[in-house]
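Understanding the architecture of this molecule
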Amino acid sequence: MASYIAPALRGKFETLSVDLKNMILERNVHLENIHDLIHVLEDIVEEAES
């Protein structure tokens, strides 16, 4: 499964660093809205802290 970023969210997604975008895309996520993006970012932070 490939990651999907909804067109309405793409502008926000593109403001992230290349490394962070790659980390998100590697997770094979389906992002429809800002809440989906926030959830993935929270997961990344939690993993980095542990």
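The paragraphs below set out a description of the structure included in this document.

Positive phi is not limited to glycine here, since Asn28 has a value of about 50 degrees. Relative to the elements of secondary structure, Asn28 occurs in the loop between helix 2 (18-25) and strand 2 (30-31).

Counting residues in each nonpolar core, the largest one holds ten residues, listed as Ile5, Leu9, Phe13, Leu16, Ile24, Val29, Leu31, Leu37, Val40 and Ile44. If we ignore the near neighbours within four places in the chain, the residues touching Leu9 are Leu31, Glu32, Asn33, Ile34 and Leu37.

Time to look at the pattern of salt bridges. For the structure shown, the criterion picks out two salt bridges. In this structure, Lys21 and Glu14 form a salt bridge, with 3.0 Å as the shortest nitrogen-oxygen distance. On the basis of relative accessible area, Glu14 is assigned to the partly exposed category, the value being 43%. One salt bridge in this structure joins Glu47 and Arg27, with 2.6 Å as the shortest N-O distance. Note that Glu47 is positioned in helix 3 (residues 34-49) and Arg27 in the loop between helix 2 and strand 2, a separation of 20 residues in sequence. Owing to a relative accessible area of 29%, Arg27 belongs among the partly exposed residues under this scheme.

The rules behind the values
Residues numbered from 1 in each chain as written. Predicted model: local features only at pLDDT ≥ 70, side-chain atom pairs only at ≥ 80, totals over all residues. Heavy atoms only, no water. Helix = DSSP H or I, 4+ residues; strand = E, 2+ residues; numbered from the N terminus. Core = buried A, V, L, I, M, F, W, Y, C linked by side-chain atoms within 4.5 Å. Buried < 20%, exposed > 50% of the residue type's maximum accessible area, 1.4 Å probe, protein only. Contact = heavy atoms within 4.5 Å. Salt bridge = Lys/Arg side-chain N within 4 Å of Asp/Glu carboxyl O.

None of this, on its own, says anything about what the molecule does.
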